[in-house]
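Residue-level listing of the chains:
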Amino acid sequence: MHQQYSFGEGYRLASDLLSYGEGVEHNLEQAERCLKKAADWDDVEAQTQWALQWLSKNETSTVDVSEARGYLEKAANQGGIMAQWHLTQQAFQKKENEEAFKWLTRMAAQGYTPAKLLHAEATAQGMKLPTMAEAQQWYQQKAAEEGAKPHCHHAWGRVQEEMGSLESARAAFQNTLAGQCHLVGLRRLRALARKENWTIDQEVQEALNLRAQVLPSIQWSKIEVQP
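Residues numbered from 1 in each chain as written. Predicted model: local features only at pLDDT ≥ 70, side-chain atom pairs only at ≥ 80, totals over all residues. Heavy atoms only, no water.

A. Region of the structure containing the packing of aromatic side chains. The tally for this structure, following the rule as stated, stands at six aromatic pairs. Ring geometry for phenylalanine 92 versus phenylalanine 101: centroids 5.2 Å apart, planes at 80°, classification edge-to-face. An identical accessibility class is assigned to phenylalanine 92 and phenylalanine 101; each is buried. Across the ring face of tryptophan 50, the terminal group of lysine 36 is positioned such that the distance to the ring centre comes to 5.3 Å. In this structure, lysine 74 is placed above the aromatic ring of tyrosine 71, and the distance from its NZ or CZ to the ring centre is 4.9 Å. (Phe/Tyr/Trp six-rings, centres within 6.5 Å; stacked < 30°, edge-to-face > 60°. Buried < 20%, exposed > 50% of the residue type's maximum accessible area, 1.4 Å probe, protein only. Lys NZ or Arg CZ within 6 Å of the ring centre and 35° of its normal.)

B. Representation of the pattern of salt bridges within the structure. This model, assessed by the stated rule, comprises nine salt bridges. For lysine 36, the salt bridge goes to glutamate 67, with nearest N and O atoms at 4.0 Å. Taken as a pair, lysine 36 in helix α2 (residues 28–40) and glutamate 67 in helix α4 (residues 66–77) lie far apart in primary sequence, 31 residues in all. With relative accessibility at 21%, the residue lysine 36 sits in the partly exposed group. A residue is classified by how much of its surface remains accessible, and glutamate 67, at 46% relative accessible area, is partly exposed. Across the pair glutamate 99 and lysine 102 runs a salt bridge whose closest N-O atoms are separated by 3.2 Å. Remark: lysine 102 and glutamate 99 occur in helix α6 (residues 97–109); sequence separation between them is three residues, near one turn of the helix. Using a relative accessible area of 32% as the deciding quantity, one classes glutamate 99 as partly exposed. Salt bridges sharing partners connect three or more residues here, namely Lys36, Asp40 and Glu67. (Salt bridge = Lys/Arg side-chain N within 4 Å of Asp/Glu carboxyl O. Helix = DSSP H or I, 4+ residues; strand = E, 2+ residues; numbered from the N terminus.)

C. Broad picture of the packing of helix α3 (residues 44–57) against helix α5 (residues 81–93). At a minimum axis separation of 9 Å, α3 and α5 run at an interaxial angle of 35°. Helix-helix and strand crossings are classified by hand; for α3 and α5 the assignment is left-handed. From α3, Thr48, Gln49, Leu52 and Leu55 reach across to α5, where they touch Met82, Ala83, His86 and Gln90. Of the residues in the contact of α3 with α5, the class split is four nonpolar, four polar and no charged. (Axes fitted to C-alpha atoms, helices over the stretch in contact; angles between N-to-C directions. Left-handed = near helix turned anticlockwise from the far one by under 90°. Contact = heavy atoms within 4.5 Å. Nonpolar A, V, L, I, M, F, W, Y, C, P; charged D, E, K, R; others polar.)

D. Summary view of the packing of helix α8 (residues 132–144) against helix α9 (residues 150–163). Contact geometry of α8 with α9 gives a least axis separation of 8 Å together with a crossing angle of 145°. With respect to the hand of their crossing, α8 and α9 are arranged in left-handed fashion. Counting all contacts with α8, which are made through Gln136, Tyr139, Gln140, Lys142 and Ala143, the residues of α9 involved are Cys152, His153, Ala155, Trp156, Val159 and Met163. Per-class residue counts for the contact of α8 with α9 are seven nonpolar, three polar and one charged.

Spatial relationships are all this shows, so hold off on functional conclusions.
In structure tokens form, the structure reads like this:
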């Protein structure tokens, strides 16, 4: 499992270099192939990016996009914030409020500020949302599953940080490194050791900045939050 994830991270980094790297000849076709391989090796960021690229290319066509949506769901189920945000936004567009609020609450449980603001606004409007305890339990169960992927441990660590359980969070981040290299988990452990404040908001923004991306606004009724 961990070797598999390391391969995924390696292919995704290769894709990034071929797409954006300095001093490297860019090859977008090869970059896309590497990205798809990374997604198939369960790299959360690659799953998210490959799905979004495919959906963007085919949003006005009759091509079956269920495979791409499946990758987005895989990333979200590992705790990928960007994937969860897009699923929330898409669900609201389809007026699938129960599905949207499920992912919104799960993002808020990780401490992602835009999601927390939306969650608070929805609660103030009297909308029915899953409880934060339910979202926390979902992350805990994901991390406890046999063969849980490293990013599931990372997301559970972020949730425990939000809950104020820093020692338990540290243990979860350490689990992301068992037998492989999970760069985000490693960076979070380093930040904790140095008492640096590397938040989930910064983590998401840095990933967006790499590709000059922005997350779409999420809105329903009179509520709109632009991350």
